[in-house]
Amino acid sequence: MSDRPVSSAVSIGGVLLRSPLIIASGTWPHEPEYWKDPICAFVGAACTKALTLHPREGNPGIRLWETPCGLLNSIGLQNPGIENFLRDDLPNISSGDVGVVANVAMESEEETAAVLSRLSVFEERFLAVELNISCPNVDAGGMAWGADPSLAARAVELARRCWKGPLWAKLTPQCGNIAEVARAAEAAGADALVVANTWLGMAMDPVSEKPVFSRKVAGLSGPAIFPLALRLVWEVSSAVQIPVIGCGGVSKTEDALSMMLAGASAVAVGTFHFSDLGCFRNIGRELLEHLAAKGYSSPMDLIGKGKK
Amino acid sequence: MSDRPVSSAVSIGGVLLRSPLIIASGTWPHEPEYWKDPICAFVGAACTKALTLHPREGNPGIRLWETPCGLLNSIGLQNPGIENFLRDDLPNISSGDVGVVANVAMESEEETAAVLSRLSVFEERFLAVELNISCPNVDAGGMAWGADPSLAARAVELARRCWKGPLWAKLTPQCGNIAEVARAAEAAGADALVVANTWLGMAMDPVSEKPVFSRKVAGLSGPAIFPLALRLVWEVSSAVQIPVIGCGGVSKTEDALSMMLAGASAVAVGTFHFSDLGCFRNIGRELLEHLAAKGYSSPMDLIGKGKK
Amino acid sequence: MCENRSSDSLIERVVTLSKKKDLTKNLFVLSLESREPFSRIQPGQFVMLRTSLGMDPFLGRPFAVCGTGENSLELLVAVAGRGTRLLCSLPEGERLVLRGPLGNGFPSQPGKRVHCLAGTTGIAPFLLARQETPKIEVHLGVPGRDWMGLATWAAERIPGLCVYSEDASVGLGGTPLACIDQLDPVTEVVWACGPTGMLKAVQAACERRKLPCWISLETRMACGIGGCHGCVVRTVTGLRKTCTDGPVFDSREVLWNE
Amino acid sequence: MCENRSSDSLIERVVTLSKKKDLTKNLFVLSLESREPFSRIQPGQFVMLRTSLGMDPFLGRPFAVCGTGENSLELLVAVAGRGTRLLCSLPEGERLVLRGPLGNGFPSQPGKRVHCLAGTTGIAPFLLARQETPKIEVHLGVPGRDWMGLATWAAERIPGLCVYSEDASVGLGGTPLACIDQLDPVTEVVWACGPTGMLKAVQAACERRKLPCWISLETRMACGIGGCHGCVVRTVTGLRKTCTDGPVFDSREVLWNE
Ligand SMILES: Cc1cc2nc3c(=O)[nH]c(=O)nc-3n(C[C@H](O)[C@H](O)[C@H](O)COP(=O)(O)OP(=O)(O)OC[C@H]3O[C@@H](n4cnc5c(N)ncnc54)[C@H](O)[C@@H]3O)c2cc1C
Ligand SMILES: Cc1cc2nc3c(=O)[nH]c(=O)nc-3n(C[C@H](O)[C@H](O)[C@H](O)COP(=O)(O)OP(=O)(O)OC[C@H]3O[C@@H](n4cnc5c(N)ncnc54)[C@H](O)[C@@H]3O)c2cc1C
Ligand SMILES: Cc1cc2nc3c(=O)[nH]c(=O)nc-3n(C[C@H](O)[C@H](O)[C@H](O)COP(=O)(O)O)c2cc1C
Ligand SMILES: Cc1cc2nc3c(=O)[nH]c(=O)nc-3n(C[C@H](O)[C@H](O)[C@H](O)COP(=O)(O)O)c2cc1C
Ligand code: FES
Ligand code: FES
């Protein structure tokens, strides 16, 4: 038990966050007010939408489908391309109150290298690069890079060469053995692992008798997948030494606590804030209350405690 | 369009079911009234709890944990053993109105062979054997058999030798490539595939700061996983010629229709009937209404139609 | 812990369902009261509404605002599926969570004579517009008799409302599009809100007559604030987000999604 | 389609929340009305109750029946988490889905003088028992002042009810276990219902005095009908299902789960 006041700050492989709550990639507007307090008051960092070298339109047709306590999405990396992002979005979002994590979609090695060298010019504006080797909504690249330990290693090595700042690798649940992929990414130089991205699902329209999405499959996120993501966090954090960021279905303070007890150093929230923008404030406050009640001085005291 | 009256009967690799709705293994009482109409009026078959050679106590501690639109379970194959089952339960359940599918847990090869030869003595009392190579709630065997194509093939070959009746293999989502496992099971002689079992998840108790379940991980089922199971059904039914039985999260008529459009010949319901015993009747009726409205004469007209 | 899912950010607030009026089967006017006043709401702007009970369904549902008071607003909600059924089954006094007002409404200085064409609940933004600009003309199309309650209620609020139904069972026979041929492209402008099929027909008819036309689109939405990229529509200037770039667009720009 | 999740099997039925009475903060008596009459319900039997709104939370919640009429029954529900909070927030008139009555209650021919020991809502089965067998004696333990409303309400229904609280803020100081030492193992029997900790203490005290004792257990349940094997408890005769073999067991048989 300690009398020190509780601070919510955490450190992720040397990156200091004022709170362990992170806004997950692809879910947050690139508008200036969303990167400032009070909206972000309890947020430690926010991830950009996935960035690619060239502008991308993303997928045609229906892109969203609500499921029981979940959401299927097939956005498909829509983004303005790295140059437009750096010119139009970065000045807006990097002058706010919350740190920016650049989510970089793994494309071809040349393209990814090009994106990372452009980002390197603005290195001090980013808390970290989150290398997305787990997008289920594109044909080439995407999730395939994260499905296999040797491909994951190759992607992370490439990124490590092109980006000197903190490097997070965002893993996919769609792989035979996530612990092996995690170890490969660690060995290749990742500073932290984001566990994980969306889960491959599908929806069918019984009226048209066709798959709802143009690419047939889509990524499942939201509270429905929380128990699955928690299991991955437990597994991966037992397999590697580097910090793990839990991501998938977090909606409640208990979820954030559970992820950290299972070994996460921080927790990302995506889908749930679509329905509840107050979730950061609620979770942030209740987390501090919980720490105080348990006599902890920092959320970092929780990390991996459920394993002992 | 057809004027013939709509029948709900389907055939699964030669096994005729009066309805494509199956009650999933491990969820239904072995009491006589539950195998009779009216409770079963809209049910085509019901699976027994997993059977093993010797009696099993299952797992200690908490066995159930509700999650958003889902349920984690860690029952762990509790059952009275094959002899007690044959003596005490079989006479009750095989004299009802609904066909019995014997769910056989894959244990060691000797044990499984012994169970199957005992079942063979009563072959005519069973519609089929469902070989469970996908239980996530035991240490040895269980899901490991379904994680790998060659192990799956070995398990199915063994079962094929010991059981001459219809043989279904119940696959696990926890495998690198389910299409390969499915093809291996088909080649080894399975007559149908059940796709799939529960998804490996976890729960943590923030108060005790420990995993909720004694085995830490547990199996996630219920509406939360429906989009994930549907994707597996789509994938597996594209990979094999034998019939596929969709299983995972079905709760609505749309879900049953979606599974069949994605390639399933029948649909199992487990967790959802815990909360709604009327679901069989509702889905059964609405399925017939849907078929009639669309001018189909049989649910079999739907199978795989979403792929065209 | 945060199970009540309340929120006190500026964008989201807890409101009380102060009144629920049913117009016809499956069609309700919901009056919502807020502790804090609302900023001025443009016709065409919308809110996302959800319950705080359970997490299924968990996304808010988008609805155009059809009336405002200082601390209150009104929505016209048709039961279309699970979410709207749940919202319309709640008792008065229930607390709900509201995000908004969101998006861009119809032009605030049209400068021309405005003709509003509505398909069923598409009348919502025009009820609000009429609250502020009594000289707009409103045409409402409904499928038939079942919608009489909507026509009657809307006509009370919009004296002079023209109602149409294909079979002439309510109001005139035909659709609100009938008026388009009489309009003058120089002095008049069309605003339309309703099902996509109707909007496409309005777009085509106005195109033919070179009439300026603004349409309010409906797309699936998750966030309503420009975060998810789920609500995009194809336009002549590329993909645009219905929630933040719309939902009201110049009809000449909209290319739809096919 | 089947979104209303109604059911017309014999085991499950739609009921109406005809009355909701709050006894104290977070403690309610729910009266449920059914179109079909209920079969006779034994004290200790329970039902599983769920809403038909949304699928989260989706499992029914188990509650002992505390009162019955011909077509109605009453439950005493404490808010303990998400599910009970939702159930207790619904308005009168709401339709709910009820599974049951389920399980085996206290012995119907005890043949001895019955002393019922209840911890808070554990009084539910004894309210029902008293409805039928006025000569049982009931002892209720509550944590303190906050539970005064329960004590008052229960005392109206059970004249002569003995109430205890540790700090003597309601009724006598101490716990219902106090009476055990005065009982005669030959002519008297104990029935107990309440939190697990209390039941263990009652079990131990009765064991010591060789008093016959029946206890009603609470375990997590998914189905309530013996299908899921989720509710098992370790007994001298092996694992037993709380839902179908219990929830009332002879206390000498129960080994608990640790
Ligand atoms: C800007 C805007 C304004 C709207 N204004 C009104 C209004 O004033 N009155 C009214 O009754 N309806 C309005 N709608 C339509 C209303 O949002 C849908 O009817 C409602 O979301 C359906 O939800 P559900 O759960 O009942 O249906 P379900 O089909 O069960 O919904 C499943 C999912 O699809 C989405 N969805 C389904 N249909 C639509 C649709 N037509 N538009 C957008 N999303 C849809 C839902 O939001 C949900 O996420 C508006 C929609 C938009 C985008
Ligand atoms: C046979 C029986 C009779 C009961 N009678 C009463 C009664 O008369 N009055 C009353 O207020 N309560 C009674 N309970 C306890 C009541 O069922 C729980 O308080 C309730 O299920 C908690 O649900 P929740 O969603 O509010 O809590 P949560 O903790 O959110 O529930 C999560 C899950 O755990 C289960 N759970 C949590 N606590 C319990 C518990 N103590 N017992 C069983 N399951 C639990 C829930 O059912 C749910 O599946 C009884 C329980 C049993 C088994
Ligand atoms: C609409 C939407 C868009 C997303 N876009 C991206 C993306 O561009 N890059 C990425 O790495 N993850 C993306 N994700 C995945 C989320 O960042 C997150 O990993 C996932 O949704 C699981 O977390 P959640 O359940 O909290 O949403 C997206 C998710 C959603 C719902
Ligand atoms: C409590 C419980 C017990 C189960 N026991 C078994 C079992 O013994 N054998 C088996 O093959 N599957 C078992 N399952 C898995 C179900 O049969 C089914 O495959 C899974 O729950 C997914 O379907 P659902 O979402 O409809 O429940 C069990 C599931 C639950 C919830
Ligand atoms: S609804 Fe999320 S961007 Fe428009
Ligand atoms: S609750 Fe399912 S067996 Fe008892």
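Being a predicted model, the structure only gives us computed values, none of them experimental.

What counts and what doesn't
- Residues numbered from 1 in each chain as written.
- Chains lettered and ligands numbered in written order.
- Predicted model: local features only at pLDDT ≥ 70, side-chain atom pairs only at ≥ 80, totals over all residues.
- Heavy atoms only, no water.
- Helix = DSSP H or I, 4+ residues; strand = E, 2+ residues; numbered from the N terminus.
- Rg over C-alpha atoms; globule rule 2.2 N^0.38 Å.
- Buried < 20%, exposed > 50% of the residue type's maximum accessible area, 1.4 Å probe, protein only.
- Areas by Shrake-Rupley, 256 points an atom, 1.4 Å probe, with all protein chains shown as cover.
- Lys, Arg positive; Asp, Glu negative; His and termini not counted.
- Charge placed at Lys NZ, Arg CZ, Asp CG, Glu CD.
- Expected span 1.5 Å × (residues − 1).
- Arc of directions from axis to C-beta.
- Contact = heavy atoms within 4.5 Å.
- Buried area = accessible area lost by both parts, 1.4 Å probe.
- Salt bridge = Lys/Arg side-chain N within 4 Å of Asp/Glu carboxyl O.
- Polar contact = N/O pair within 3.5 Å; in protein donor to acceptor, adjacent residues only side chain to side chain.
- Nonpolar A, V, L, I, M, F, W, Y, C, P; charged D, E, K, R; others polar.
- Pairing = 2+ DSSP bridges.
- Axes fitted to C-alpha atoms, helices over the stretch in contact; angles between N-to-C directions.
- pLDDT = per-residue confidence, 0-100.
- Core = buried A, V, L, I, M, F, W, Y, C linked by side-chain atoms within 4.5 Å.
- Near = heavy atom within 4 Å.

J.: What should I look at first to understand the overall build of chain A in this one?
T.: In terms of helices and strands, chain A carries eight helices and 16 strands. Against the compact-globule benchmark of 19 Å for 308 residues, chain A has a radius of gyration of 18 Å, which places it among compact chains. Each of the 308 residues in chain A was classed as buried or not, and the buried ones make up 68%. Approximately 9,500 Å² of chain A is accessible, and the part contributed by carbon and sulfur atoms is 52%. Seen as two clouds, the 26 positive and the 32 negative side-chain charges of chain A have centres 3 Å apart.

J.: Quick question: what am I supposed to make of helix α2 (residues 109-121) of chain B here?
T.: Every α-helix winds through 3.6 residues per turn, so residues three or four apart in the chain are directed the same way. Residues and elements named next belong to chain B. Its 13 residues place the ends of α2 19 Å apart at the C-alpha level, agreeing with the 18 Å of an ideal helix rising 1.5 Å per residue. All of the buried residues along α2 are Thr112, Ala113, Val115, Leu116 and Leu119. Each buried residue of α2 sits inside an arc of 160 degrees when the element is viewed along its axis, so together they form one side. Those residues of α2 that are exposed and aimed more than 90 degrees away from the buried face are Glu110 and Val121. Structurally, α2 contributes buried residues whose contacts are with α1 (82-93), β7 (99-105), β8 (128-132) and α3 (149-162).

J.: For this particular structure, what's the right way to read the interface of chain B and chain A?
T.: Interfaces are often sized by the accessible area lost when the parts come together. Opposite the 40 residues of chain B that make contact, chain A presents 40 residues. Taken over both partners, the interface formed by chain B and chain A buries close to 3,300 Å², and the fraction arising from carbon and sulfur atoms is 69%. Counting across the chain B and chain A interface gives two salt bridges. Across the pair Lys305(B) and Glu209(A) runs a salt bridge whose closest N-O atoms are separated by 2.9 Å. Remark: the boundary between chain B and chain A carries ten residue pairs in polar contact (both at pLDDT 80 or more). Sorting the residues of the side of chain B that touches chain A by element identifies β11 (199-202), β12 (204-205), β13 (210-211), β14 (217-221), α5 (226-239), α6 (253-261) and α8 (279-294) of chain B as the ones contributing at least two each. Sort the elements by how many residues they give to the side of chain B that touches chain A and α5(B) lands first, with five residues. Class assignment for the residues of the side of chain B that touches chain A results in 24 nonpolar, seven polar and nine charged.

J.: What should I look at first to understand the sheet that holds strand β8 (residues 128-132) of chain A in this one?
T.: Across a sheet, paired strands are connected by hydrogen bonds in the backbone, their directions being either parallel or antiparallel. All names here are of chain A. In spatial order, the strands read β3-β4-β7-β8-β9-β10-β15-β16; together these eight strands close into a barrel with parallel pairing. This sheet shows a mean twist of 25 degrees between the axes of neighbouring strands, independent of strand direction. As paired elements, strand β10 (residues 192-195) and strand β15 (residues 244-247) share three bridges and run parallel to each other. Residue pairing across strands places Leu193 opposite Val244, the latter belonging to β15.

J.: I would appreciate a short explanation of the confidence of the model for chain C in the present structure.
T.: Low-confidence regions, as indicated by low pLDDT, have predicted coordinates that should not be scrutinised in detail. Residue and element names in this part refer to chain C. Residues of chain C with pLDDT of at least 70 account for 96%, and the chain-wide mean is 92. Low pLDDT (under 50) marks residues 1-9, which in the prediction has 40 contacts with non-local residues, meaning those over four places away or in another chain. Predicted complex, confidence summary: ipTM 0.96, pTM 0.96.

J.: Any chance you could explain unusual backbone geometry here in plain terms?
T.: The phi angle of most residues is negative, glycine excepted, and most peptide bonds adopt the trans form. Here Gly100(C) and Pro101(C) are connected by a cis peptide whose omega angle stands at 5 degrees. Cis geometry is found at the peptide bond from Gly246(D) to Pro247(D), where omega equals 10 degrees. Of note in this structure, Asn26(C) is not a glycine but carries a positive phi near 65 degrees. Here Asn26(C) shows up in the loop between β1 (12-24) and β2 (27-34). The phi dihedral of His229(C) is positive, around 60 degrees, even though this residue is not glycine. If you trace the backbone, His229(C) turns up in the loop between β12 (213-216) and β13 (232-235). Its relative accessible area of 13% is what places His229(C) among the buried residues.

J.: Can you walk me through the nonpolar core in this structure?
T.: The tendency in soluble globular proteins is for nonpolar side chains to be buried as a group. Of all hydrophobic cores here, the largest spans 225 residues; its most connected members are Leu119(A), Leu193(A), Leu119(B) and Leu193(B). When sequence neighbours within four positions are dropped, the list of residues in contact with Leu119(B) reads Leu51(B), Ile82(B), Leu86(B), Ala102(B), Val104(B), Phe126(B), Val129(B) and Trp163(B). With 44 residues, the next largest nonpolar core counts Phe28(C), Phe63(C), Ile41(D) and Val77(D) among its residues.

J.: Even after reading the chapter, I still don't get the site of ligand 4, so can you show me in this structure?
T.: Taken together, 23 residues lie around ligand 4, and Ser25(B), Lys170(B), Gly249(B), Gly270(B) and Thr271(B) are the ones closest in. Residues near ligand 4 are shared among chains B and D, making this a multi-chain site. At 3.5 Å from an oxygen atom of ligand 4 is found a main-chain nitrogen or oxygen belonging to Ala196(B). The side chain of Thr271(B) places a nitrogen or oxygen atom 2.6 Å from an oxygen atom of ligand 4. Tallied by class, residues from the shell around ligand 4 come to eight nonpolar, 13 polar and two charged.

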